[in-house]
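Working through the structure, step by step
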Amino acid sequence: MTPTLFGRWQTRLFLFATVGVLITLPFALGIFGTNAGIIFFWVLGYIAVLGLLWDSLYMYLQTFRWDRDWPAVFQLLAGLWEGVFFIAIVKLFGLPGVPKTLPLGLFFLHYSLVWLGIFTASQTLMRVLFPRWRFRGGQLF
């Protein structure tokens, strides 16, 4: 079943709050890179909120596809676009809690690992742990 907008939002927030936080912890603790601190949780939060806005656009764009769904390659391109868009906003304008001097390499490592973890969890674990999730348009509750 194609996810509904509310289902996409629920799934996104759930995965960011679980998988995203688990992947962000080593960055916040300084295990990866020298910039330990809450910055990466700010990045995670901004990406999650920005994703809610993107989901609205993605749902609109899906109406032009005959099956109203995204192939996995479109999801990959959307992930790349979201990362580039976010870092452009940070570097050009800055965001509260995220310095303009955020190292690009560390950001892309963090973003890539979070994106890969969430994508993998949505394609595997979600289907196992929540078998009816797909049939309710992505809504968990």
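These notes cover the structure that comes with them. Keep in mind that what you see is a predicted model, and the values were worked out from it rather than measured. (Residues numbered from 1 in each chain as written. Predicted model: local features only at pLDDT ≥ 70, side-chain atom pairs only at ≥ 80, totals over all residues. Heavy atoms only, no water.)

The next point concerns the packing of aromatic side chains. Using the criterion set out here, one finds 14 aromatic pairs in the structure. For the pair phenylalanine 107 and phenylalanine 108, a centre-to-centre distance of 5.0 Å together with 70° between the ring planes defines the contact as edge-to-face. For phenylalanine 107, a relative accessible area of 1% translates into the label buried. A network of ring pairs unites the aromatic residues Trp42, Tyr46, Phe86, Phe107, Phe108 and Tyr111 as a single cluster. (Phe/Tyr/Trp six-rings, centres within 6.5 Å; stacked < 30°, edge-to-face > 60°. Buried < 20%, exposed > 50% of the residue type's maximum accessible area, 1.4 Å probe, protein only.)

The next thing to look at is the packing of helix H1 (residues 5-28) against helix H2 (residues 39-62). Following both chains from N to C, one finds H1 and H2 inclined at 155°, their axes separated by 10 Å at the closest point. The orientation of H1 with respect to H2, classified from their angle, is roughly antiparallel. H1 and H2 meet at a crossing whose hand is right-handed. Residues Leu5, Arg8, Trp9, Arg12, Leu13, Phe16, Gly20, Val21, Thr24, Leu25, Phe27 and Ala28 of H1 lie in contact with H2, whose contacting residues are Phe40, Phe41, Leu44, Ile47, Ala48, Gly51, Leu52, Asp55, Ser56, Tyr58, Met59 and Gln62. A breakdown of the residues in the contact of H1 with H2 according to their chemical character gives 16 nonpolar, 5 polar and 3 charged. (Axes fitted to C-alpha atoms, helices over the stretch in contact; angles between N-to-C directions. Helix = DSSP H or I, 4+ residues; strand = E, 2+ residues; numbered from the N terminus. Parallel < 35°, antiparallel > 145°, perpendicular 65-115°, else oblique. Left-handed = near helix turned anticlockwise from the far one by under 90°. Contact = heavy atoms within 4.5 Å. Nonpolar A, V, L, I, M, F, W, Y, C, P; charged D, E, K, R; others polar.)

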